[in-house]
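Understanding the architecture of this molecule
Residues per chain, in single letters:
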Amino acid sequence: MIQGHCECNRITYEADCEILDFSHCHCSQCRRLHGAAYATFAAVETDKFRYLSGEEDIKIYSSSDNHERVFCGNCGSNILVSLEDYPEILYLSMGAINGNPTHPEAYHIFVGSKAPWHEINDGSVQYDENPPEL
Ligand SMILES: [Zn+2]
Ligand SMILES: [Zn+2]
């Protein structure tokens, strides 16, 4: 069981499934929205995900036509990203997930737009933009 919550604890959630995909996104939107060198996402099945509390505090920002960013309207924590083209999958912000649930090997995406002050040196696979299968 994957569980997580925002910083102020109003929004809590769980997903009763494995992490399907595990990526570090270096795109400028993720960097800015997460206030970080990159954002790490754990993909889960949409129909296995549910909010346990705080749905009334959810705010949604559309960072592009087909990307919806869900965040806490009280504390600003990034909760998840949903992509219009892949409604069956939700990309949970790994930083808000409790503990260290089992996950596939990480890879880096949008490395072509990574922060110039950040160096990737973990040896994981890197893609300039999305991986070929997306
Ligand atoms: Zn919050
Ligand atoms: Zn991104």
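Model, not experiment: these values are computed from the prediction.

We now examine the sheet that holds strand E4 (residues 39-45). Taken in spatial order, the 7 strands line up as E6-E7-E8-E9-E4-E3-E10 in an open sheet, and their pairing is mixed. Sheet topology places strand E6 (58-64) and strand E10 (107-109) at the edges, where each strand pairs with a single neighbour. Taking each pair of neighbouring strands and ignoring which way they run, the sheet shows an average axis angle of 30 degrees. Two strands pair when backbone bridges link them, and E6 and strand E7 (residues 67-72) are joined in this way by 6 bridges, in the antiparallel orientation. Bridge assignment links Ser62 to a residue of E7, and that residue is Glu68.

Next up on the list: the coordination of the zinc ion (ligand 1). Ligation of the zinc ion (ligand 1) by protein atoms is provided by Cys6 (SG), Cys8 (SG), Cys72 (SG) and Cys75 (SG), these donors lying 2.3 Å from the ion. Each of the 4 donor atoms bound to the zinc ion (ligand 1) contributes to angles spanning 104 to 114 degrees, and the resulting shape is tetrahedral. Of note, the donors binding the zinc ion (ligand 1) are all from one chain and are spaced C-x1-C-x63-C-x2-C.

The rules behind each value
Residues numbered from 1 in each chain as written. Chains lettered and ligands numbered in written order. Predicted model: local features only at pLDDT ≥ 70, side-chain atom pairs only at ≥ 80, totals over all residues. Heavy atoms only, no water. Pairing = 2+ DSSP bridges. Helix = DSSP H or I, 4+ residues; strand = E, 2+ residues; numbered from the N terminus. Axes fitted to C-alpha atoms, helices over the stretch in contact; angles between N-to-C directions. Donors = N, O, S within 2.8 Å, 3.2 Å for Na, K, Ca; no water. Tetrahedral: all angles 85-135°; square planar, octahedral: opposite > 155°, others 65-115°.

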